[in-house]
Amino acid sequence: MKHRSRVSADTVLAWPPSADRSVAAALGVSAATPPPAPLDSLDSALLDLLAVDGRMTNRELAAATGASSATVGSRIRRLVADRVLIFTALFDWERAGFGWFVVATITVEGRSVREVANEVAALGECVGLATVLGSADLLGYFLVADRAELRRLSTERLGDVRGIGTVRMDLATDSTVTGLGRRFFLVRGEPLIRLPEPVIELDDLDTRIVAELLCDGRRSNRHIARKLDVSEGAVRTRLHRMTDSGLFCIEAMIEPTALGLVGALATVRIRADRNRVDRIAEAASRIAGVLLVASVVGDAEMVVAIGAADQFQLLAVIREGIRMLDGVRSVETHQMVEIVKFTPYFKRLDR
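The rules we used
- Residues numbered from 1 in each chain as written.
- Predicted model: local features only at pLDDT ≥ 70, side-chain atom pairs only at ≥ 80, totals over all residues.
- Heavy atoms only, no water.
- Helix = DSSP H or I, 4+ residues; strand = E, 2+ residues; numbered from the N terminus.
- Contact = heavy atoms within 4.5 Å.
- Buried < 20%, exposed > 50% of the residue type's maximum accessible area, 1.4 Å probe, protein only.
- Arc of directions from axis to C-beta.
- Polar contact = N/O pair within 3.5 Å; in protein donor to acceptor, adjacent residues only side chain to side chain.
- Pairing = 2+ DSSP bridges.
- 1 Å grid on protein atoms, 1.4 Å probe; cavity = no way out; pocket = protein on both sides within 12 Å on 5 of 7 lines; lining within 4 Å.
- Points joined across faces, edges and corners; volume = space filled by probe spheres on them.
- Nonpolar A, V, L, I, M, F, W, Y, C, P; charged D, E, K, R; others polar.
- Phe/Tyr/Trp six-rings, centres within 6.5 Å; stacked < 30°, edge-to-face > 60°.
- Lys NZ or Arg CZ within 6 Å of the ring centre and 35° of its normal.
- Core = buried A, V, L, I, M, F, W, Y, C linked by side-chain atoms within 4.5 Å.

### Here's the deal with the overall build of the chain
Point 1. Per the secondary structure count, the chain includes 11 helices and 13 strands.
Point 2. Once local pairs closer than 6 in sequence are excluded, the contacts in the chain between residues at least 24 apart make up 80%.

The structure is reproduced here in C-alpha coordinates:
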(Lines give C-alpha, C1' and ligand atoms only; values in the text may rest on other atoms or scores of the structure.)
Protein backbone atom coordinates (compact mmCIF):
# COMPACT_ATOMS: atom_id res chain seq x y z
CA MET A 1 0.00 0.00 0.00
CA LYS A 2 1.14 3.56 -0.67
CA HIS A 3 0.86 6.25 1.96
CA ARG A 4 2.19 9.34 0.22
CA SER A 5 -0.71 11.73 0.61
CA ARG A 6 0.29 14.72 2.68
CA VAL A 7 -2.07 15.93 5.35
CA SER A 8 -2.50 19.65 4.88
CA ALA A 9 -1.78 22.17 7.61
CA ASP A 10 -4.61 22.84 10.07
CA THR A 11 -6.28 19.53 9.23
CA VAL A 12 -3.75 17.25 10.89
CA LEU A 13 -6.01 15.70 13.48
CA ALA A 14 -5.66 12.80 15.86
CA TRP A 15 -8.09 11.53 18.45
CA PRO A 16 -6.94 10.37 21.86
CA PRO A 17 -8.10 7.11 23.41
CA SER A 18 -11.36 7.02 25.30
CA ALA A 19 -11.46 8.99 28.51
CA ASP A 20 -13.19 6.04 30.19
CA ARG A 21 -9.89 4.94 31.64
CA SER A 22 -9.38 8.33 33.24
CA VAL A 23 -11.14 9.64 36.30
CA ALA A 24 -14.89 9.63 35.80
CA ALA A 25 -15.40 12.46 38.25
CA ALA A 26 -13.50 15.67 37.67
CA LEU A 27 -11.40 15.35 40.82
CA GLY A 28 -11.14 12.24 42.94
CA VAL A 29 -11.84 8.62 42.14
CA SER A 30 -15.41 7.36 42.10
CA ALA A 31 -16.37 5.46 45.23
CA ALA A 32 -17.30 2.53 43.01
CA THR A 33 -13.71 2.30 41.74
CA PRO A 34 -11.57 0.01 43.88
CA PRO A 35 -8.26 1.58 44.98
CA PRO A 36 -5.11 0.29 43.30
CA ALA A 37 -2.81 -2.08 45.13
CA PRO A 38 -0.10 -0.29 47.15
CA LEU A 39 3.12 0.36 45.25
CA ASP A 40 6.23 -1.48 46.39
CA SER A 41 9.88 -0.75 45.59
CA LEU A 42 9.75 -2.61 42.26
CA ASP A 43 6.64 -0.69 41.14
CA SER A 44 8.32 2.60 42.05
CA ALA A 45 11.50 1.63 40.24
CA LEU A 46 9.56 0.71 37.11
CA LEU A 47 7.66 4.01 37.19
CA ASP A 48 10.93 5.93 37.54
CA LEU A 49 12.59 4.09 34.64
CA LEU A 50 9.56 4.43 32.38
CA ALA A 51 9.40 8.15 33.15
CA VAL A 52 12.78 8.44 31.42
CA ASP A 53 11.91 6.19 28.46
CA GLY A 54 8.34 5.00 28.04
CA ARG A 55 9.39 2.60 25.27
CA MET A 56 11.81 0.55 27.38
CA THR A 57 11.17 -3.14 26.79
CA ASN A 58 10.37 -5.60 29.54
CA ARG A 59 13.81 -7.15 29.02
CA GLU A 60 15.53 -3.78 29.48
CA LEU A 61 13.44 -3.02 32.56
CA ALA A 62 14.24 -6.45 33.99
CA ALA A 63 17.97 -5.88 33.50
CA ALA A 64 17.75 -2.50 35.23
CA THR A 65 15.73 -3.72 38.21
CA GLY A 66 17.05 -7.24 38.70
CA ALA A 67 13.57 -8.74 38.29
CA SER A 68 12.61 -11.29 35.66
CA SER A 69 10.97 -10.22 32.40
CA ALA A 70 7.85 -12.16 33.39
CA THR A 71 7.63 -10.31 36.71
CA VAL A 72 8.13 -6.95 35.01
CA GLY A 73 5.43 -7.74 32.48
CA SER A 74 3.03 -8.80 35.22
CA ARG A 75 3.67 -5.63 37.24
CA ILE A 76 3.16 -3.34 34.25
CA ARG A 77 -0.08 -5.09 33.33
CA ARG A 78 -1.33 -4.62 36.89
CA LEU A 79 -0.37 -0.93 36.98
CA VAL A 80 -2.18 -0.38 33.68
CA ALA A 81 -5.22 -2.37 34.82
CA ASP A 82 -5.34 -0.31 38.05
CA ARG A 83 -5.29 2.85 35.89
CA VAL A 84 -2.11 4.01 37.58
CA LEU A 85 0.10 3.81 34.49
CA ILE A 86 -0.76 5.03 30.98
CA PHE A 87 1.52 4.81 27.94
CA THR A 88 0.79 7.42 25.31
CA ALA A 89 2.22 10.10 23.04
CA LEU A 90 2.82 13.67 24.19
CA PHE A 91 3.06 16.56 21.73
CA ASP A 92 5.16 19.68 22.09
CA TRP A 93 2.55 22.39 21.53
CA GLU A 94 5.06 24.84 20.06
CA ARG A 95 6.44 22.32 17.55
CA ALA A 96 2.88 21.29 16.70
CA GLY A 97 2.38 24.81 15.34
CA PHE A 98 0.76 26.72 18.19
CA GLY A 99 2.17 30.19 18.62
CA TRP A 100 0.36 31.10 21.81
CA PHE A 101 -0.60 29.44 25.06
CA VAL A 102 -3.38 31.47 26.70
CA VAL A 103 -4.72 31.33 30.24
CA ALA A 104 -8.11 33.05 30.59
CA THR A 105 -10.26 33.82 33.62
CA ILE A 106 -13.92 34.32 32.80
CA THR A 107 -16.89 35.66 34.76
CA VAL A 108 -20.45 34.56 33.95
CA GLU A 109 -23.54 36.77 34.06
CA GLY A 110 -27.24 35.99 33.61
CA ARG A 111 -26.75 32.32 32.79
CA SER A 112 -25.70 29.17 34.59
CA VAL A 113 -21.95 28.68 34.86
CA ARG A 114 -22.17 25.10 33.61
CA GLU A 115 -24.10 26.08 30.45
CA VAL A 116 -21.47 28.67 29.59
CA ALA A 117 -18.69 26.23 30.45
CA ASN A 118 -20.06 23.62 28.06
CA GLU A 119 -20.04 26.11 25.17
CA VAL A 120 -16.54 27.36 25.94
CA ALA A 121 -15.25 23.79 26.26
CA ALA A 122 -16.63 23.03 22.78
CA LEU A 123 -14.29 25.61 21.20
CA GLY A 124 -11.49 23.94 19.27
CA GLU A 125 -8.87 26.20 20.82
CA CYS A 126 -9.80 25.11 24.35
CA VAL A 127 -7.53 22.43 25.82
CA GLY A 128 -8.56 22.85 29.43
CA LEU A 129 -11.50 24.37 31.28
CA ALA A 130 -12.67 24.28 34.89
CA THR A 131 -15.22 25.94 37.09
CA VAL A 132 -13.32 27.71 39.85
CA LEU A 133 -13.58 29.47 43.17
CA GLY A 134 -12.29 33.01 43.43
CA SER A 135 -12.80 36.22 41.49
CA ALA A 136 -13.75 34.31 38.32
CA ASP A 137 -16.25 31.58 37.49
CA LEU A 138 -14.25 29.76 34.80
CA LEU A 139 -10.58 29.25 34.09
CA GLY A 140 -9.53 28.09 30.65
CA TYR A 141 -6.37 27.02 28.88
CA PHE A 142 -6.27 27.70 25.14
CA LEU A 143 -3.81 26.97 22.34
CA VAL A 144 -3.95 29.21 19.27
CA ALA A 145 -1.88 29.02 16.12
CA ASP A 146 -1.25 32.69 15.39
CA ARG A 147 -2.32 36.27 16.05
CA ALA A 148 -5.32 35.99 13.74
CA GLU A 149 -6.63 32.98 15.64
CA LEU A 150 -5.93 34.73 18.95
CA ARG A 151 -7.96 37.72 17.79
CA ARG A 152 -10.84 35.51 16.67
CA LEU A 153 -10.80 33.71 20.02
CA SER A 154 -10.93 36.90 22.06
CA THR A 155 -13.44 38.82 19.95
CA GLU A 156 -15.62 36.34 18.07
CA ARG A 157 -15.39 32.88 19.59
CA LEU A 158 -15.71 33.88 23.23
CA GLY A 159 -17.75 36.95 22.32
CA ASP A 160 -20.44 34.77 20.76
CA VAL A 161 -20.97 32.77 23.97
CA ARG A 162 -24.00 34.22 25.71
CA GLY A 163 -23.47 34.79 29.41
CA ILE A 164 -19.77 35.62 29.38
CA GLY A 165 -19.11 38.78 31.35
CA THR A 166 -15.45 39.73 31.61
CA VAL A 167 -12.49 37.86 30.14
CA ARG A 168 -8.91 38.35 31.29
CA MET A 169 -6.24 36.80 29.12
CA ASP A 170 -2.63 36.08 30.03
CA LEU A 171 -0.39 35.21 27.07
CA ALA A 172 2.50 32.91 27.91
CA THR A 173 5.89 34.04 26.65
CA ASP A 174 7.70 31.10 28.20
CA SER A 175 6.57 27.99 30.05
CA THR A 176 8.01 25.06 31.93
CA VAL A 177 6.26 21.77 32.64
CA THR A 178 7.70 20.05 35.70
CA GLY A 179 8.37 16.34 35.98
CA LEU A 180 5.07 15.80 37.78
CA GLY A 181 3.26 17.98 35.25
CA ARG A 182 4.72 16.04 32.35
CA ARG A 183 3.54 12.73 33.81
CA PHE A 184 0.14 14.08 34.90
CA PHE A 185 -2.60 12.16 33.04
CA LEU A 186 -6.17 13.35 33.33
CA VAL A 187 -8.64 13.35 30.45
CA ARG A 188 -11.97 15.12 30.55
CA GLY A 189 -14.31 16.03 27.71
CA GLU A 190 -12.71 13.90 24.95
CA PRO A 191 -10.46 16.71 23.63
CA LEU A 192 -9.51 16.72 19.97
CA ILE A 193 -5.81 16.82 19.16
CA ARG A 194 -5.06 19.41 16.47
CA LEU A 195 -1.67 19.98 14.88
CA PRO A 196 -2.03 23.24 12.91
CA GLU A 197 1.51 23.46 11.51
CA PRO A 198 3.82 20.70 12.73
CA VAL A 199 7.55 21.31 12.62
CA ILE A 200 7.92 18.54 10.03
CA GLU A 201 5.69 17.60 7.12
CA LEU A 202 3.33 14.75 7.97
CA ASP A 203 1.37 12.44 5.73
CA ASP A 204 -1.44 9.96 6.29
CA LEU A 205 0.87 7.14 7.40
CA ASP A 206 2.58 9.38 9.96
CA THR A 207 -0.73 10.32 11.57
CA ARG A 208 -1.91 6.71 11.60
CA ILE A 209 1.28 5.66 13.39
CA VAL A 210 0.78 8.44 15.93
CA ALA A 211 -2.83 7.36 16.46
CA GLU A 212 -1.64 3.85 17.35
CA LEU A 213 0.81 5.22 19.89
CA LEU A 214 -1.78 7.52 21.41
CA CYS A 215 -3.82 4.45 22.28
CA ASP A 216 -0.84 2.51 23.58
CA GLY A 217 2.65 3.98 23.57
CA ARG A 218 4.26 0.58 24.12
CA ARG A 219 2.92 -0.99 20.96
CA SER A 220 5.86 -2.45 19.11
CA ASN A 221 6.92 -1.34 15.66
CA ARG A 222 6.09 -4.85 14.44
CA HIS A 223 2.54 -4.65 15.84
CA ILE A 224 1.95 -1.24 14.25
CA ALA A 225 3.43 -2.37 10.93
CA ARG A 226 1.16 -5.41 10.75
CA LYS A 227 -1.93 -3.39 11.60
CA LEU A 228 -1.16 -0.67 9.04
CA ASP A 229 0.06 -3.14 6.39
CA VAL A 230 3.51 -1.57 5.99
CA SER A 231 7.03 -2.73 6.72
CA GLU A 232 8.48 -2.60 10.20
CA GLY A 233 11.35 -0.57 8.79
CA ALA A 234 8.94 2.07 7.50
CA VAL A 235 7.37 2.43 10.94
CA ARG A 236 10.79 2.67 12.59
CA THR A 237 12.00 5.31 10.14
CA ARG A 238 8.85 7.42 10.50
CA LEU A 239 8.99 7.23 14.29
CA HIS A 240 12.64 8.27 14.43
CA ARG A 241 11.93 11.20 12.13
CA MET A 242 9.00 12.46 14.19
CA THR A 243 10.59 11.99 17.61
CA ASP A 244 13.95 13.41 16.51
CA SER A 245 12.13 16.57 15.39
CA GLY A 246 10.84 17.06 18.94
CA LEU A 247 7.22 16.98 17.76
CA PHE A 248 6.23 14.23 20.19
CA CYS A 249 7.60 11.63 22.53
CA ILE A 250 6.31 8.46 24.15
CA GLU A 251 5.70 8.91 27.84
CA ALA A 252 4.74 6.68 30.74
CA MET A 253 2.18 8.85 32.55
CA ILE A 254 0.55 8.40 35.92
CA GLU A 255 -3.08 8.82 36.89
CA PRO A 256 -2.60 11.21 39.82
CA THR A 257 -5.86 10.64 41.66
CA ALA A 258 -5.42 6.85 41.57
CA LEU A 259 -2.14 7.27 43.46
CA GLY A 260 -3.58 9.82 45.84
CA LEU A 261 -1.17 12.47 44.56
CA VAL A 262 -3.80 14.95 43.42
CA GLY A 263 -7.16 15.62 45.01
CA ALA A 264 -7.07 19.41 44.62
CA LEU A 265 -5.99 21.61 41.72
CA ALA A 266 -5.51 25.35 41.39
CA THR A 267 -4.07 27.95 39.07
CA VAL A 268 -2.29 30.86 40.72
CA ARG A 269 -1.76 34.21 39.00
CA ILE A 270 1.31 35.97 40.40
CA ARG A 271 2.19 39.65 40.48
CA ALA A 272 5.94 39.92 40.86
CA ASP A 273 8.95 42.13 40.30
CA ARG A 274 9.59 41.90 36.57
CA ASN A 275 13.36 41.85 36.93
CA ARG A 276 13.06 38.69 39.04
CA VAL A 277 10.56 36.74 36.94
CA ASP A 278 13.10 34.25 35.58
CA ARG A 279 14.46 33.48 39.05
CA ILE A 280 10.98 33.18 40.51
CA ALA A 281 9.92 30.83 37.71
CA GLU A 282 12.96 28.61 38.27
CA ALA A 283 12.34 28.50 42.02
CA ALA A 284 8.61 27.84 41.59
CA SER A 285 9.26 24.91 39.25
CA ARG A 286 11.18 23.19 42.06
CA ILE A 287 8.32 23.38 44.57
CA ALA A 288 6.65 20.01 45.18
CA GLY A 289 3.20 19.91 43.61
CA VAL A 290 3.84 22.51 40.91
CA LEU A 291 2.78 21.24 37.49
CA LEU A 292 3.31 24.23 35.20
CA VAL A 293 5.06 27.59 35.41
CA ALA A 294 4.44 30.21 32.72
CA SER A 295 5.77 33.73 32.36
CA VAL A 296 2.94 35.78 30.90
CA VAL A 297 1.99 39.11 29.41
CA GLY A 298 -1.15 40.55 30.97
CA ASP A 299 -1.98 42.07 34.34
CA ALA A 300 0.09 39.34 36.00
CA GLU A 301 3.69 38.32 35.50
CA MET A 302 3.35 34.57 36.02
CA VAL A 303 0.81 31.75 36.09
CA VAL A 304 1.46 28.58 38.10
CA ALA A 305 -0.63 25.39 38.08
CA ILE A 306 -0.54 23.32 41.27
CA GLY A 307 -1.75 19.85 42.21
CA ALA A 308 -1.95 18.65 45.80
CA ALA A 309 -3.29 15.66 47.71
CA ASP A 310 -5.98 17.77 49.35
CA GLN A 311 -7.06 21.36 49.94
CA PHE A 312 -4.90 21.75 53.05
CA GLN A 313 -1.78 20.70 51.18
CA LEU A 314 -2.76 22.98 48.31
CA LEU A 315 -3.00 25.98 50.62
CA ALA A 316 0.35 25.07 52.17
CA VAL A 317 2.03 25.01 48.75
CA ILE A 318 0.62 28.45 47.96
CA ARG A 319 1.18 30.11 51.34
CA GLU A 320 4.47 28.52 52.35
CA GLY A 321 5.91 27.97 48.89
CA ILE A 322 4.70 30.35 46.18
CA ARG A 323 3.97 33.41 48.34
CA MET A 324 7.33 33.17 50.12
CA LEU A 325 9.43 33.35 46.93
CA ASP A 326 11.62 36.44 46.80
CA GLY A 327 10.08 38.96 44.43
CA VAL A 328 6.47 37.75 44.64
CA ARG A 329 4.23 40.70 45.51
CA SER A 330 0.76 39.14 45.47
CA VAL A 331 -1.08 36.02 44.34
CA GLU A 332 -4.58 35.36 43.05
CA THR A 333 -5.75 31.77 43.48
CA HIS A 334 -8.39 30.02 41.38
CA GLN A 335 -9.14 26.63 42.91
CA MET A 336 -10.71 24.22 40.45
CA VAL A 337 -14.08 22.84 41.50
CA GLU A 338 -14.97 20.78 38.43
CA ILE A 339 -12.87 19.95 35.41
CA VAL A 340 -15.07 20.38 32.33
CA LYS A 341 -12.38 19.72 29.74
CA PHE A 342 -8.75 18.72 29.97
CA THR A 343 -6.20 17.17 27.65
CA PRO A 344 -2.86 15.85 28.88
CA TYR A 345 -1.47 15.39 25.37
CA PHE A 346 0.09 18.85 24.87
CA LYS A 347 3.15 19.81 26.92
CA ARG A 348 6.40 21.68 26.44
CA LEU A 349 8.97 18.95 25.87
CA ASP A 350 12.72 19.09 26.32
CA ARG A 351 14.61 18.08 23.24
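### Regarding helix α5 (residues 147–157)
Point 1. Taken residue by residue, α5 has Glu149, Leu150 and Leu153 as its buried positions. Taken down its axis, α5 places every buried residue within 105° of arc, on the same side. Residues of α5 that are exposed and angled more than 90 degrees away from the buried face: Arg147 and Arg151.
Point 2. Close packing links the buried residues of α5 with β3 (100–108), β5 (138–144), β6 (164–177) and β7 (193–195).
Point 3. N-capping of α5 is provided by Asp146, with a side-chain oxygen placed 3.3 Å from the backbone N of Ala148.

### Quick look at the sheet that holds strand β13 (residues 346–347)
Within a sheet, each strand pairs with its neighbour through backbone hydrogen bonds, oriented either parallel or antiparallel.
Point 1. One open sheet holds the 3 strands; their spatial order is β8-β2-β13, and the pairing between them is mixed. Each edge of the open sheet carries a strand with a single partner, namely β8 (248–254) and β13.
Point 2. With 7 bridges connecting them, strand β2 (residues 85–92) and β8 associate as antiparallel partners. Looking across to β8, one finds that Phe87 is bridged to Ala252.

### A few points about the environment of Val187
Point 1. Position of Val187 relative to the elements: it lies in the loop between α6 (179–183) and β7.
Point 2. Residues Val187 and Ile339 lie 152 residues apart in sequence; the distance between their C-alpha atoms is 9.3 Å.

### Regarding the environment of Ala130
Point 1. Structurally, Ala130 is set in strand β4 (residues 126–133).
Point 2. Sequence spacing of Ala130 and Leu265 is 135 residues, and the spatial spacing of their C-alpha atoms is 9.9 Å.
Point 3. Ignoring any residue separated from it by four or fewer positions in sequence, one finds Ala130 in contact with Asp137, Leu138, Leu139, Met336, Glu338, Ile339 and Val340.

### Topic: the pairing of β3
Point 1. Across the 9 residues of β3, 8 count as buried, placing the element largely inside the fold.
Point 2. When β3 meets β5, the two strands line up antiparallel, connected through 7 bridges. Its bridge partner lying in β5, Phe101 is registered against Leu143.

### Considering empty space enclosed by the protein
Point 1. Within this structure, the stated rule accounts for 3 cavities of 30 Å³ or more.
Point 2. Roughly 420 Å³ of volume is contained in the largest cavity.
Point 3. Around the largest cavity sit 27 residues that line it, and Tyr141, Leu292, Phe342, Phe346 and Lys347 are the ones nearest its centre.
Point 4. At the level of elements, β4, β5, β6, β9 (264–272), β10 (290–297), β11 (302–308), β12 (328–342) and β13 are the ones that each hand at least two residues to the lining of the largest cavity.
Point 5. Classifying every residue of the lining of the largest cavity by side-chain character gives 20 nonpolar, 4 polar and 3 charged.
Point 6. Counted as a void, the second largest cavity has a volume near 70 Å³.
Point 7. Along the lines of polarity and charge, the residues of the lining of the second largest cavity split into 7 nonpolar, 2 polar and 3 charged.

### Thoughts on the packing of aromatic side chains
Point 1. A complete count under the given rule lists 7 aromatic pairs for this structure.
Point 2. When the centroid spacing of 5.9 Å and the interplanar angle of 40° are considered together, the rings of Phe91 and Phe346 count as tilted. In this pair, Phe91 is assigned in strand β2 and Phe346 in strand β13, connecting sequence segments 255 residues apart. An identical accessibility class is assigned to Phe91 and Phe346; each is buried.
Point 3. Geometrically, the ring pair formed by Phe184 and Phe342 is edge-to-face, given 6.0 Å between the ring centres and 75° between the ring planes. Note that Phe184 is positioned in the loop between α6 and β7 and Phe342 in strand β12, a separation of 158 residues in sequence.
Point 4. Judged by relative accessible area, which is 4%, Phe184 ranks as buried.
Point 5. Connected via pairs of aromatic rings, a cluster forms that spans Phe91, Phe98, Phe248 and Phe346.
Point 6. In this structure, Arg218 packs its charged tip against the face of Phe87, placed 5.0 Å from the ring centre.
Point 7. The ring of Trp93 has Arg348 sitting right over it, with the charged end atom 5.6 Å from the ring centre.

### Focus: the nonpolar core
Point 1. Of all hydrophobic cores here, the largest spans 58 residues; its most connected members are Phe91, Ile209, Phe248 and Phe346.
Point 2. Among the elements that line this core, the one with the most residues is helix α7 (residues 204–215), at 5 residues.
Point 3. Beyond its immediate stretch of four places on either side in the chain, Phe248 contacts Ala89, Leu90, Phe91, Val210, Leu213, Leu239, Met242, Thr243 and Leu349.

### A word on the pairing of β12
Point 1. Across 6 bridges, β4 lies against β12 in antiparallel orientation. When the bridges of β12 are listed, Gly128 appears paired with Phe342.
Point 2. Two strands pair when backbone bridges link them, and β9 and β12 are joined in this way by 7 bridges, in the antiparallel orientation. What sits directly across from Val268, in β12, is Thr333.

### Overview of the layout of surface pockets
Point 1. Looking at the largest pocket, its volume works out to about 340 Å³.
Point 2. As for the largest pocket, its lining consists of 18 residues, and the residues nearest its centre are Leu239, Thr243, Phe248, Cys249 and Ile250.
Point 3. Of all the secondary structure elements, the ones that give two or more residues to the lining of the largest pocket are α9 (232–244) and β8.
Point 4. Ranked by residue count, the leading element in the lining of the largest pocket is α9, at 5 residues.

Distances and angles like these do not, on their own, reveal function.
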